[in-house]
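Close look at the chain arrangement
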Amino acid sequence: MNLIGVDFLERTLETDGFYFKVILNESGAYFFPYTTEHRDATQPGLCYKDDSMGNALAATINPGRIDVRFHRSFSDARVSSIVDQLFGHPDGRLLSDFTVTYQGRTIRNS
């Protein structure tokens, strides 16, 4: 898994009350500011589009919590697998104690 925006991730996690976004799939994750729309954050191999289009999930990250937006092409098991890959990455371990929700359901507790 290729992580893009790791410097941003590290800096942002050091701030109080942070809020930022990520798009992710099996090939990678891209972390970026909340002021950028998910659909505008396309990277090679990562493309989120409204209405379950594109090949990536959209998520928001707050202290202790990652909320993944619904995408018709991604089952709970697939999202869990992607999260496991993210948390298994050396830089992704920064988030490994976060609770993850998908469609409002907890799929991984901190």
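This write-up is about the structure you can find in this document. Keep in mind that what you see is a predicted model, and the values were worked out from it rather than measured. (Residues numbered from 1 in each chain as written. Predicted model: local features only at pLDDT ≥ 70, side-chain atom pairs only at ≥ 80, totals over all residues. Heavy atoms only, no water.)

**Regarding the pattern of salt bridges**
Under the criterion given, the structure shown has five salt bridges. Across the pair Arg65 and Asp67 runs a salt bridge whose closest N-O atoms are separated by 2.7 Å. A salt bridge links Arg108 to Asp84; the nearest nitrogen and oxygen atoms lie 2.5 Å apart. Here the residue Arg108 occupies a position in strand 9 (residues 105-108), and Asp84 occupies one in helix 2 (residues 76-88), the gap between them amounting to 24 residues. A residue is classified by how much of its surface remains accessible, and Arg108, at 28% relative accessible area, is partly exposed. (Salt bridge = Lys/Arg side-chain N within 4 Å of Asp/Glu carboxyl O. Helix = DSSP H or I, 4+ residues; strand = E, 2+ residues; numbered from the N terminus. Buried < 20%, exposed > 50% of the residue type's maximum accessible area, 1.4 Å probe, protein only.)

**Details of the side chain of Thr12**
Considering the arrangement of structural elements, one finds Thr12 in helix 1 (residues 6-13). The residues contacting Thr12, other than those within four sequence positions of it, are Phe18 and Phe20. (Contact = heavy atoms within 4.5 Å.)

**Here we look at the environment of Lys49**
In this fold, Lys49 is placed in strand 4 (residues 48-49). Sequence spacing of Lys49 and His71 is 22 residues, and the spatial spacing of their C-alpha atoms is 9.7 Å. Leaving out residues up to four positions away in the same chain, Lys49 has contacts with Arg39, Thr42 and Gly54.

**Observations concerning the pairing of strand 6 (residues 57-62)**
Regular strands show a simple pattern: their side chains alternate between the two faces of the sheet. Burial analysis of strand 6 places five of its six residues in the buried class, which makes it a mostly covered element. As judged from the five bridges shared by strand 2 (residues 20-25) and strand 6, these two strands associate in the antiparallel manner. Within strand 6, the position partnered with Leu24 by the bridge is Leu57. Of the strand pairs in this sheet, strand 6 and strand 7 (residues 65-68) are connected by four bridges, and their pairing is antiparallel. (Pairing = 2+ DSSP bridges.)

**Description of unusual backbone geometry**
The general pattern is negative phi for most residues beyond glycine and trans for most peptide bonds. You will see that Asp51, though not glycine, has its phi angle at about 60 degrees, which is positive. Located in the positive-phi region is Gln103, a residue other than glycine, with phi close to 55 degrees. Tracing the backbone through its elements, the reader meets Gln103 in the loop between strand 8 (99-102) and strand 9.

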